[in-house]
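# Structural features, examined
Here are the chains, one letter per residue:
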Protein chains: 2
Amino acid sequence: MSKILVFGHQNPDTDAIGAAIAFSHLQNQLGKETEAVALGTPNEETQYALDYFKLSAPRVVQSAKEEATQVMLVDHNEFQQSISDIAEVEILAVVDHHRIANFETANPLYYRAEPVGCTSTIILKLYKENQVELPKEIAGIMLSAILSDTLLFKSPTCTSEDEAAAKELATIAGVDLTSYGLDMLKAGTNLSDKSAATLLDLDAKSFPMGEANVRIAQVNTVDLSEVMARQTELEEAMTEEMAKNGYDLFVLVVTNILDSDSELLVAGQGLDKVEEAFQVKLTNNRALLKGVVSRKKQVVPQLTAVFN
Amino acid sequence: MSKILVFGHQNPDTDAIGAAIAFSHLQNQLGKETEAVALGTPNEETQYALDYFKLSAPRVVQSAKEEATQVMLVDHNEFQQSISDIAEVEILAVVDHHRIANFETANPLYYRAEPVGCTSTIILKLYKENQVELPKEIAGIMLSAILSDTLLFKSPTCTSEDEAAAKELATIAGVDLTSYGLDMLKAGTNLSDKSAATLLDLDAKSFPMGEANVRIAQVNTVDLSEVMARQTELEEAMTEEMAKNGYDLFVLVVTNILDSDSELLVAGQGLDKVEEAFQVKLTNNRALLKGVVSRKKQVVPQLTAVFN
């Protein structure tokens, strides 16, 4: 029998990679034959965390059915965010913390979603429920995932369960939570050597909203003005991506991880809907959103509500 | 704030009612304000169980939004099996053991599905995980749900977890599992005083399959020939239901709970697909399926595969 593939979403972030590693290890301890893989190479933040805890980056795969008949998903469920041939394999399990949409199976499955800040917080519970010991390096990558998803507990998606899990994982991993977390987040804000196209693809997801196909990318920075100095170049790349992939609206969320604010840069159709969703006036296609750091909680639902 | 409504699927069976009662009680113990309701009156099997354990039947509701903004679903997720205005309220939680399809939310939620035979088996885990004490009468209705869904452990959907949960619940409820279970199942097989239309609606669900809208009803009996003696009347009622509700195909599964076999009676378009799905030849629109007792595992996936 072929191995069961375990993976997170396209354009993987630290939770997509870390949760895949952690959930695959758990399943293997429980007697399944699984392999953690990824739908892309790690970003610089994730690579920092993998290096720190001496873990290898999961093998990148483009197709599931060529090598497996069964898969397990972490940190996502929407098919358009998953592997290209997701509809052609059996989904045995999902562990996630997002809304459920554009997802279906032919058979009953294991599905565990909780409205917490990070998939890895749920996976820590699963280790405990199954009484499986958590290796130090896996605790480390799970901790990294929580710090990344919650922006060091500053995101409104962060719950008390995420904070408690991170503290527990930091003890197992043997690191100081705050200093490690800041170093890791900063490792992901080195944007200057990246092309505009690369930057737009670092952490981008597509969402069907009403009749529209909306692309929402997010980048973290410690200096908003440094990113916005590249506005023309970014807008050209956004327009190109829209034409190539049939997006109707492209929303780039540039988040200052120190101040916990975000600036939007938008292109395409429905700019009036963006203004309505966030109760702002776009100036030069931009708007500052004070206190907004979470795409999932502070961007997607607001836009979805206006489009529906 | 209005109460959160907790309910199972339309045409409720013992698990839909029992899981709603049990999950609502658990949530209330955890500090939420919920009420177990139902999308229909209990069938005779469920009423037998409610009476036995001195529980009231949940209030029947037709609409959610008139009295609540938030709901929790048990024993189903597909919108066409849920309350009519499900898309207009927020789904906070789902506990289920079915495939996932035609389901979506705007926000992250608690979703707990496991591929076991009965929702109540999962809910017993939730009581334990949350260390909430299980009252005797609620253990009784949960036990009833497991015995009903697994046909006294004979269904292929039944797992070792369901059996273990039932034994544990029988001890709490203080009943003999086998004799209580048989009495309860038999209470649900009194079909003679029911009109054909009522019989078709006792435990019926709709499934979109490919382009077709398929209705699959199941009734339990201790005598297949007694039900099939009413074939003409049943076929007339099936044709009427199809015309009224836009079903393309109507499949009635008549299950002998003593022999664990089922006989199909079908009407509508796609009879060739039924033959292909079950590798049988229909005679007079009927076919005997040896060893088939589970709609979820032995009927729906087989039909879905042929329609897709």
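These figures come from a predicted structure and were not determined experimentally. (Residues numbered from 1 in each chain as written. Chains lettered and ligands numbered in written order. Predicted model: local features only at pLDDT ≥ 70, side-chain atom pairs only at ≥ 80, totals over all residues. Heavy atoms only, no water.)

### Some words on the overall build of chain A
Where we set the bar: Where helices and strands are cited, they refer to DSSP runs of H or I of at least four residues and of E of at least two residues respectively, numbered from the N terminus. Note on method: radius of gyration uses C-alpha positions; expected globular size equals 2.2 Å times residues raised to 0.38. The classification of residues rests on relative accessible area computed with a 1.4 Å probe and restricted to protein chains. Under 20% of the type maximum is buried, over 50% is exposed, and intermediate values are partly exposed. Contacts: residue pairs with any heavy atoms within 4.5 Å of one another.
Helix and strand content of chain A: twelve helices and eleven strands. For chain A, whose C-alpha radius of gyration is 19 Å, the value lies close to the compact-globule estimate of 19 Å for 308 residues. When each of the 308 residues of chain A is scored for burial, the buried share is 62%. Summarising the internal contacts of chain A: among those between residues at least 6 apart in sequence, 64% fall at separations of at least 24.

### Comments concerning the UniProt feature "domain: DHHA2" (unreviewed entry) in chain A
Test applied: UniProt positions are given in the numbering used here, feature names are shortened, and annotations may be inferred rather than shown by experiment.
Per the UniProt entry, the sites bearing "domain: DHHA2" (unreviewed entry) are residues 181-307 of chain A in this numbering. With 42% helix and 28% strand, the stretch residues 181-307 of chain A has end C-alpha atoms that lie 36 Å from each other.

### As for the relation of the copies chain B and chain A
So the rule is basically this: Least-squares superposition of the copies uses the C-alpha atoms of those residues scoring a pLDDT of at least 70 in each of them.
Mapping chain B onto chain A is achieved by rotating through 180° and translating by 0.0 Å along the same axis, at an RMSD of 0.1 Å. Here the copies are linked by what is in effect a two-fold axis. Identified as the residue of chain B closest to the rotation axis by C-alpha distance is R112 of chain B, at 2.5 Å. Residue by residue, 100% of the interface of chain B is reproduced at the interface of chain A, so both copies engage with the same surface.

### Quick notes on the environment of V253 of chain A
Residues and elements named next belong to chain A. With respect to the element layout, V253 can be found in strand β9 (residues 249-256). The class for V253 is buried, based on a relative accessible area of 1%. Once the C-alpha coordinates of V253 and L191 are considered, the two residues, 62 residues apart in sequence, prove to be 14 Å apart.

### Brief notes about the packing of aromatic side chains
This is how the line gets drawn: For Phe, Tyr and Trp, rings pair up if their centres lie within 6.5 Å, where Trp contributes its six-membered ring, and each pair is then called stacked (planes under 30 degrees apart), edge-to-face (over 60) or tilted (otherwise).
Summed over the entire model, instances satisfying the criterion amount to 17 aromatic pairs over all chains. Centroid distance Y48 of chain B to Y180 of chain B: 6.1 Å. Interplanar angle 35°. Geometry classified as tilted. Of this pair, Y48 of chain B sits in helix α2 (residues 44-52) while Y180 of chain B sits in helix α6 (residues 177-187); the two residues are 132 residues apart in sequence, bridging distant segments of the chain. With relative accessibility at 28%, the residue Y48 of chain B sits in the partly exposed group. Put simply, the rings of F79, F103 and Y111 of chain A together with F79, F103 and Y111 of chain B touch in pairs and so form one group of aromatic residues.

### Considering unusual backbone geometry
Residue and element names in this part refer to chain B. A positive phi angle is found at K54, which is not glycine, with a value near 55°. K54 sits in the exposed class, given a relative accessible area of 75%. Even without being glycine, N285 reaches a positive phi, approximately 65°. When you line up the elements, N285 lands in the loop between α10 (271-278) and β11 (286-289).

### A closer look at the pairing of strand β6 (residues 110-113) of chain A
Residues and elements named next belong to chain A. Selection criterion: Should DSSP find at least two bridges between two strands, the strands are taken to pair.
On β6, burial covers both faces: Y110 and R112 on one face and Y111 and A113 on the other are all buried. In the sheet, strand β5 (residues 90-96) pairs with β6 via four bridges, with the strands oriented parallel. Bridge pairing links D96 to A113 in β6.

### Side note on the sheet that holds strand β7 (residues 204-209) of chain A
All names here are of chain A. What counts here: Angles here are taken between N-to-C directions and fall from 0 to 180 degrees, while the axes themselves are lines fitted to C-alpha atoms, restricted in helices to the stretch in contact.
Reading across the sheet, the five strands line up as β7-β8-β9-β10-β11 and stay open at both edges, with mixed pairing between neighbours. Looking at strand neighbours, the two that pair on one side only are β7 and β11 (286-289), the edges of this open sheet. Each strand of the sheet is rotated relative to its neighbour by a mean of 25°, with strand direction disregarded. Pairing between strand β8 (residues 212-221) and β9: eight bridges, direction parallel. Residue I216 lies in a different strand from β9, and its bridge partner there is V251.

### Looking at the side chain of S82 of chain B
The line we're drawing: Within 3.5 Å is the distance limit for a polar contact, defined as a pair of N or O atoms, with the added protein rule that one can donate a hydrogen and the other accept it, and that residues adjacent in sequence qualify only through two side-chain atoms.
Locating S82 of chain B in the fold gives a position in the loop between β4 (70-74) and β5 (90-96). Separated by 2.9 Å, the side chains of S82 of chain B and H76 of chain B make a polar contact.

### Digging into a nonpolar patch on the surface
Defined as follows: Residues qualify for a patch when their relative accessible area is over 30% and they have no salt bridge, like charges being joined within 9 Å and the nonpolar side chains of Val, Leu, Ile, Met, Phe, Trp and Tyr within 5 Å. We get accessible surface area from the Shrake-Rupley algorithm with a probe of 1.4 Å; when it comes to residues, only the shown protein chains can shield them. Salt bridges are identified by distance alone: a Lys or Arg side-chain nitrogen within 4 Å of an Asp or Glu carboxyl oxygen.
Residues L182, V222 and L258 of chain A make up a contiguous nonpolar surface patch of roughly 210 Å² in combined accessible area. Take L182 of chain A: it is sitting in helix α6 (residues 177-187).

### With respect to the interface of chain B and chain A
A common way to express how large an interface is: the accessible area buried when the components associate. Keep this limit in mind: Summed over both partners, buried area is the accessible surface (1.4 Å probe) that two parts give up on being assembled. Gly is put with the polar residues, along with every residue not named as nonpolar or charged; the nonpolar set is Ala, Val, Leu, Ile, Met, Phe, Trp, Tyr, Cys and Pro, and the charged set is Asp, Glu, Lys and Arg.
The interface is formed by 22 residues belonging to chain B together with 22 residues belonging to chain A. Taken together, the two surfaces of chain B and chain A that pack against each other cover about 1900 Å², and 61% of this comes from carbon and sulfur. Between chain B and chain A we count zero salt bridges in total. In this assembly, chain B and chain A are joined by four residue pairs in polar contact (both at pLDDT 80 or more). In terms of residue count, strand β6 (residues 110-113) of chain B provides more of the side of chain B that touches chain A than any other element does, four residues in total. Residue composition of the side of chain B that touches chain A, grouped by class: eleven nonpolar, five polar and six charged. Note: β6 of chain A against β6 of chain B, three bridges, orientation antiparallel. Of the residues in β6 of chain B, the one forming a bridge with A113 of chain A is Y111 of chain B.

### So, the packing of helix α1 (residues 14-29) of chain B against α2 of chain B
All names here are of chain B. Between α1 and α2, the least distance of the axes is 9 Å, while the angle of their chain directions is 35°. For the pair α1 and α2, the contacting residues are T14, I17 and I21 in the first and E45, T46 and L50 in the second. Split by residue class, the contact of α1 with α2 holds three nonpolar, two polar and one charged.

### Points about helix α12 (residues 300-307) of chain B
By the criterion of burial, α12 of chain B is predominantly enclosed, with six of the eight residues buried. Close packing links the buried residues of α12 of chain B with β7 (204-209), β8 (212-221), β9 (249-256), α10 and α11 (295-298) of chain B.

### Focus: the domain arrangement of chain A
Residues and elements named next belong to chain A. Stated precisely, the cut-off is as follows: Start and end points for every domain follow an automatic or database-based domain assignment.
Structurally, chain A comprises domain 1 (4-189) and domain 2 (196-307). Contact with domain 1, which involves 20 residues of that partner, is made by 23 residues of domain 2. Summed over both sides, the interface between domain 1 and domain 2 buries roughly 1900 Å², with carbon and sulfur atoms accounting for 55% of that surface. Of all residues in domain 1, N11, L151 and T189 bury the most surface against domain 2, accounting for 29% of the area lost on that side. Counting every contact that joins domain 1 to domain 2 gives zero salt bridges.

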